[in-house]
Amino acid sequence: MRPESTGTSGLLSDLDICQGPDGVLAEDDKYDFSKVSRALLFAMCGETSTSEPIIAAAEWFIQLLRSRCKAAWNPIIGPLLETTNSVAVGPSDRNLCTMFRMLRTIVLTTKNREEVALCDLVQAVDDEETLPFIDDDRWHATLMVFVALGWLSMLYTPDLCSENKSLQITRPASSVSLEFGKSRIRYRRHKSKTIRKTKQDLRHVDHPLPTLLNDFGSIIPKSKQSPISGHGSPFLNHPRQEDWICPQNVCFYNLHHLMKIQIEWVDCLSLHLEFDSQSKVLKLFRFPSICLLMCYSENTYLSRLFSDFEVSKGMGIPGKNYAREYFKEVMLSFRVVFGEVRWSHGVYKKCKSSWPNSSESESDPLLDILCGQRWDEDEPLEIWHDIDAGTPLNRYSTVDTFNFLGERFMILQNAVDGHGPDSIWQVWYDKRDTLRWWAFWAVLIIGIGSLILGVFQSILQIFQLYFTIWPSNK
């Protein structure tokens, strides 16, 4: 299902917008929502596109940002733009254009400035838009930019109700549930390995963004490479030991039927593929459209942020686009879990009907395409072509293909490998090794058939012996 038009048809297909992704909006265009939206997306993605899936993803993302700006108007954005009485009325179309221009300023500053800090983003927004009430409450402006960066990057989920003089993010909600049969299974709360804390003061607002964000935990993903000394460079990167991911082991069919793993759909990219073995909860990111927008181009705005983080850890390779690599891995992870093994997309569609509809207004239509269809059907195939994903493999390297997500895949795969079927139904569903599965059931069926045939022959022999010894009277 495609998102309804918001008057922004042709997003990312207008070659003349702003004379480039970093261009200046003309005065006449600053309050034209269609043109401001185009300018924002062009700044984020860095390239135009005529691909239907990419344009659909762009339209959906603009709708999501618009709804979130409206939701944050009263507590955060409105007090910086309007008087108290005007804030209560809600954002006007002119206010929405101003908010989207502020989002674009955040994108361009993140994209073009080295080691950018949160206070730099606040100052850039104030310089560009001249917020009338920013001097009355500088912390409020800092919170607004922090929230906006969370919406744009999806690396964390900002808390709109942060306490004064603090920045807060939210942990994944544990009220979402899957239903197996007629019983609803709810999650037990468990500690996230990714998010170590949800609140911090403002001491890091003048530090580079990686320092600020990773004070919460592992918010910016890190490629799994280890720096070592070498000739010609302070650091030479060599990959960790290579492991292999088998789609048959981590497909949703086996996760659901064999392991009884529950899926928790999250808004936070940094939690994607985090698995808790005790509660058997696997977190998956539910907004793949933003990943598609961030990986079809080589010039996305998050490239510098990811590179700055790698360099700060002494692991950066000059010229390497870590952001594109990461978002491409997230997209491929949906194909591995749901699209490659032929039964998994059917199990997804069966489970989907039992998921709660609390977030239906923000549901991403791309999720159903990636998870509810085989990888080689028309719609997903066009997406894999757009991001140069190639064809599926029998196994995937944690070095070459999943350098960011490989460790999480291996944790999941090891949990599956260590779990044996404990009922006849799980034996039936356990198709991790199809050859062994066919051999087991062939032997079982032949054995049972032979047993039944042997019993039948024994009964015939008994009757034959009976009538031989005691012939019937004629």
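Everything that follows concerns the structure shown earlier in this document.
Residues numbered from 1 in each chain as written. Predicted model: local features only at pLDDT ≥ 70, side-chain atom pairs only at ≥ 80, totals over all residues. Heavy atoms only, no water.

Asks: In this structure, what is going on with the packing of helix H6 (residues 118-129) against helix H7 (residues 138-153)? I would like to understand it.
Replies: Any two packed helices are characterised by the angle at which their axes cross and by the distance between the axes. The geometry of H6 relative to H7 is characterised by a closest axis approach of 9 Å and an angle of 105 degrees between their N-to-C directions. Compared by their axis directions, H6 and H7 come out roughly perpendicular. In this structure, H6 contributes Leu118, Leu121, Val122, Gln123, Val125 and Asp126 to the contact, and H7 contributes Arg138, Ala141, Thr142, Met144, Val145, Phe146 and Leu149. Each residue belonging to the contact of H6 with H7 can be placed in one class, and the counts come to 9 nonpolar, 2 polar and 2 charged. (Axes fitted to C-alpha atoms, helices over the stretch in contact; angles between N-to-C directions. Helix = DSSP H or I, 4+ residues; strand = E, 2+ residues; numbered from the N terminus. Parallel < 35°, antiparallel > 145°, perpendicular 65-115°, else oblique. Contact = heavy atoms within 4.5 Å. Nonpolar A, V, L, I, M, F, W, Y, C, P; charged D, E, K, R; others polar.)

Asks: Mind showing me how you'd approach the nonpolar core here?
Replies: Generally speaking, a soluble globular protein has its nonpolar side chains buried in company with each other. By size, the foremost hydrophobic cluster in this structure holds 127 residues, and its most contacted members are Met44, Phe61, Ile77 and Met331. Apart from the residues within four sequence positions on either side, Ile77 is in contact with Cys69, Ala72, Met99, Met102, Met144 and Trp151. (Core = buried A, V, L, I, M, F, W, Y, C linked by side-chain atoms within 4.5 Å. Buried < 20%, exposed > 50% of the residue type's maximum accessible area, 1.4 Å probe, protein only.)

Asks: Help me understand a nonpolar patch on the surface, please; the structure alone is not making it clear to me.
Replies: On the surface, Leu451, Val455, Ile459, Phe463, Leu465, Tyr466, Phe467, Ile469 and Trp470 cluster together into a nonpolar patch covering about 970 Å² of accessible area. On the secondary structure map, Val455 appears in helix H19 (residues 434-469). (Patch = residues over 30% accessible without salt bridge, like charges linked within 9 Å, V, L, I, M, F, W, Y side chains within 5 Å. Areas by Shrake-Rupley, 256 points an atom, 1.4 Å probe, with all protein chains shown as cover. Salt bridge = Lys/Arg side-chain N within 4 Å of Asp/Glu carboxyl O.)

Asks: Just checking my understanding: could you explain the packing of helix H1 (residues 33-45) against helix H11 (residues 288-295) for this structure?
Replies: Contact geometry of H1 with H11 gives a least axis separation of 8 Å together with a crossing angle of 65 degrees. With respect to H11, the axis of H1 lies roughly perpendicular. Touching Leu41, Met44 and Cys45 of H1 are Ile290, Leu293 and Met294, all from H11. A per-class count over the contact of H1 with H11 returns 6 nonpolar, no polar and no charged.

Asks: Just to check I follow, could you spell out the pairing of strand S10 (residues 281-285) for this structure?
Replies: Moving residue by residue along a regular strand, the side chains alternate between the two faces of the sheet. Along S10, 5 of the 5 residues are buried, which leaves the element largely enclosed by surrounding structure. Going residue by residue along S10, you find Val281, Lys283 and Phe285 tucked away on one face and Leu282 and Leu284 tucked away on the opposite face as well. Both strand S8 (residues 262-266) and S10 contribute to a ladder of 5 bridges, which runs parallel. If you follow Gln262 over to S10, its bridge partner there is Val281. Sheet topology places strand S9 (residues 275-276) next to S10; 2 bridges connect them, and they run antiparallel. Pairing of Phe275 across the sheet is with Leu282, part of S10. With antiparallel pairing between neighbouring strands as the criterion, S9 and S10 make up a hairpin whose turn holds 4 residues, including Lys280 at a positive phi of roughly 55 degrees. (Pairing = 2+ DSSP bridges.)

All quantities given are derived from atomic positions and should not be read as evidence of function.
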